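# Structural features, examined
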Amino acid sequence: MMNLYGDRGNVISIQKRCEWRGIPVEVVDVRLGESIHPTGCDIFLFGGGQDREQALLADDLSGSKGADLRSISAAGGVVLGVCGGYQLMGSHYETADGEKLPGVGIFDLHTEPRKPDEERLIGNVLVRIPLEDGSRGEIVGFENHGGRTRLDGAAPLGEVVSGFGNNGEDGTEGARKMNTYGTYLHGSLLPKNPWFTDRLIETAIKRTDDTFELEPLDDGVEKSAFESVSARVRRG
Ligand code: GLN
């Protein structure tokens, strides 16, 4: 239900990058009315969707599903929300029709609808993400949203180098809280940015084995795809 512009590719990317290293993966789809706890999952992916899907989901999320996701995130669980999913991880999202949908409340942010004289925010995006060691990582993706996300204290995931990000005004993109990430980047995001995929996998496994190190893969093809796309996006 929450799967736009290839978001399902995020699932496939995690699955393949684990399998290539001999790490077994089981993918569990959580449908409307189904519980996410206890799925026993290590990584939770919440894809994008339009206002219609978001409205259908809001009720479901306001019960135990939302509360479980909140507690998984608060305990340091690995969660990634994209676009419509990301919007529903804030305090609320007001749709283009003025319907105010409650969010899960993981991030201290809210999303306002596009005003009649405003455009949808569409295009390729390049984002710079601050890393723990003081360096920066870059991710590329594709965004298409009407909603404008305003951070009410939430830390951004990164800064926009090219594109719109949260609202097209303040230069921020996405949000991050511990191991929970929200972003407007479809793409799919993870196949295009293998280092970020590995970060999610490694974080998830390190939660049960802190000595664990991911084996490097030959990412030559992925890296050259990234270089070519990011150079193009950087030029605008
Ligand atoms: N419906 C939301 C918006 O347009 C999210 C769309 C999406 O997930 N791409 O703001």
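The preceding data block contains the structure.
Rules used throughout
- Residues numbered from 1 in each chain as written.
- Predicted model: local features only at pLDDT ≥ 70, side-chain atom pairs only at ≥ 80, totals over all residues.
- Heavy atoms only, no water.
- Salt bridge = Lys/Arg side-chain N within 4 Å of Asp/Glu carboxyl O.
- Helix = DSSP H or I, 4+ residues; strand = E, 2+ residues; numbered from the N terminus.
- Buried < 20%, exposed > 50% of the residue type's maximum accessible area, 1.4 Å probe, protein only.
- Near = heavy atom within 4 Å.
- Polar contact = N/O pair within 3.5 Å; in protein donor to acceptor, adjacent residues only side chain to side chain.
- Areas by Shrake-Rupley, 256 points an atom, 1.4 Å probe, with all protein chains shown as cover.
- Nonpolar A, V, L, I, M, F, W, Y, C, P; charged D, E, K, R; others polar.
- Disulfide = S-S within 2.5 Å.
- Core = buried A, V, L, I, M, F, W, Y, C linked by side-chain atoms within 4.5 Å.
- Contact = heavy atoms within 4.5 Å.

Another aspect to go through is the pattern of salt bridges. With the rule as written, the count across this model stands at 18 salt bridges. With a shortest N-O distance of 2.9 Å, Asp 29 and Arg 8 are connected by a salt bridge. Of the two residues, Asp 29 sits in the loop between α1 (8-19) and β1 (43-46) while Arg 8 sits in helix α1, which places them 21 residues apart along the sequence. Under the relative-accessibility criterion, Asp 29 is labelled partly exposed at 35%. Residue classification places Arg 8 among the partly exposed residues on the basis of a relative accessible area of 37%. For the salt bridge of Glu 159 with Arg 128, the shortest nitrogen-to-oxygen distance reads 4.0 Å. Of the two residues, Glu 159 sits in strand β9 (residues 158-162) while Arg 128 sits in strand β6 (residues 121-130), which places them 31 residues apart along the sequence. Relative accessible area serves as the criterion here: at 35%, Glu 159 is assigned to the partly exposed category.

With that settled, the discussion passes to the site of the ligand. Around the ligand, a shell composed of 16 residues is seen, among which Asp 51, Cys 83, Gly 84, Gly 146 and Gly 147 lie nearest. Interatomic distance of 2.7 Å between a side-chain N/O atom of Asp 51 and a nitrogen atom of the ligand. Relative to its unbound accessible area of 300 Å², the ligand is 99% covered by the protein chains. Residue composition of the shell around the ligand, by class: 3 nonpolar, 11 polar and 2 charged.

This next bit is on the state of the cysteines. Within the structure shown, the criterion is met by 0 disulfides. Considering cysteine sulfurs only, Cys 41 is the nearest to Cys 18, which forms no disulfide, with 12 Å between them. With relative accessibility at 6%, the residue Cys 18 sits in the buried group.

Counting 45 residues, the largest nonpolar core has Phe 46, Leu 69, Leu 80, Phe 107, Ile 139 and Phe 196 as the members making the most contacts within it. Within the residue set of this core, elements represented by two or more residues are α1, β1, α2 (51-74), β2 (78-82), β6, α4 (189-192) and α5 (194-206). Aside from chain neighbours lying at most four places away, what touches Phe 196 is Leu 80, Ile 129, Ile 139, Tyr 181, Leu 189 and Leu 190.

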